Amino acid sequence: MKLTRRRNILLVASAVLTSMAVSAQPRGPRGRGGSPGERHAFGPMRMLRELDLTEEQRQQVRTLFEQAAETGAHKRLMEARRSLDAAVENGETDEGAIRELGYQVGVAEADAAIERARVRAQIMELLTEEQKNKLAELEQQRRQEREERRKRFEERRTRQGDPGKEL
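Because the structure is a prediction, the values reported are computed rather than measured.

**Section: the packing of helix α3 (residues 55-71) against helix α5 (residues 95-126)**
Here α3 crosses α5 at 165°, and the two axes come no closer than 10 Å. For the element pair α3 / α5, the angle class is roughly antiparallel. The handedness of the crossing between α3 and α5 is right-handed. Residues Gln57, Gln60, Val61, Leu64, Phe65, Ala68 and Thr71 of α3 form the contact with α5, whose participating residues are Glu115, Arg118, Val119, Gln122, Ile123 and Leu126.

**Overview of the pattern of salt bridges**
Per the stated rule, a full pass over the model turns up nine salt bridges. For Glu147, the salt bridge identified is with Arg150, shortest N-O distance 2.5 Å. Here Glu147 pairs with Arg150, and both are found in helix α6 (residues 129-160), just three residues apart, close to one helical turn. Among the residues examined, Glu147 registers a relative accessible area of 31% and is labelled partly exposed. By relative accessible area, Arg150 is classed as partly exposed at 41%. Residues participating in the shared-partner salt-bridge network are Glu55, Arg58 and Arg62.

Procedures and definitions
Residues numbered from 1 in each chain as written. Predicted model: local features only at pLDDT ≥ 70, side-chain atom pairs only at ≥ 80, totals over all residues. Heavy atoms only, no water. Axes fitted to C-alpha atoms, helices over the stretch in contact; angles between N-to-C directions. Helix = DSSP H or I, 4+ residues; strand = E, 2+ residues; numbered from the N terminus. Parallel < 35°, antiparallel > 145°, perpendicular 65-115°, else oblique. Left-handed = near helix turned anticlockwise from the far one by under 90°. Contact = heavy atoms within 4.5 Å. Salt bridge = Lys/Arg side-chain N within 4 Å of Asp/Glu carboxyl O. Buried < 20%, exposed > 50% of the residue type's maximum accessible area, 1.4 Å probe, protein only.

Right under this line is the structure:
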């Protein structure tokens, strides 16, 4: 029972710290991450830039990103996260209210994921086979880099001891 309570405390603490770190990041003229296109589909636009898209493909991709931004899925997600963060930071102790806000974040997260998947599928239809292969390579590199970062983090945590044990 104590282990579950400690794990829950750690999860809440890490969620709060993560939200604080994200909100503290520098923001461009259109929010964290720059333009809406940089937050949709398969991550940063630099992956698309490395595919040597034709001018026609670039315009079609821009149009897809603009259409995705118009759905407001990402905006609703950010608003839901802000509401949840505000409730926690303001010392909200109403468990039901926090659960409802968490549920709203989950629904908004799913909506945004569906939108990203839809845009990604539409972009894939625009790419040549060569561009699709290059994209697959870039995504594989990105997964490997993420895994390496995760391993380095785990190694540091192991060397420093698990901070969760102290709670």
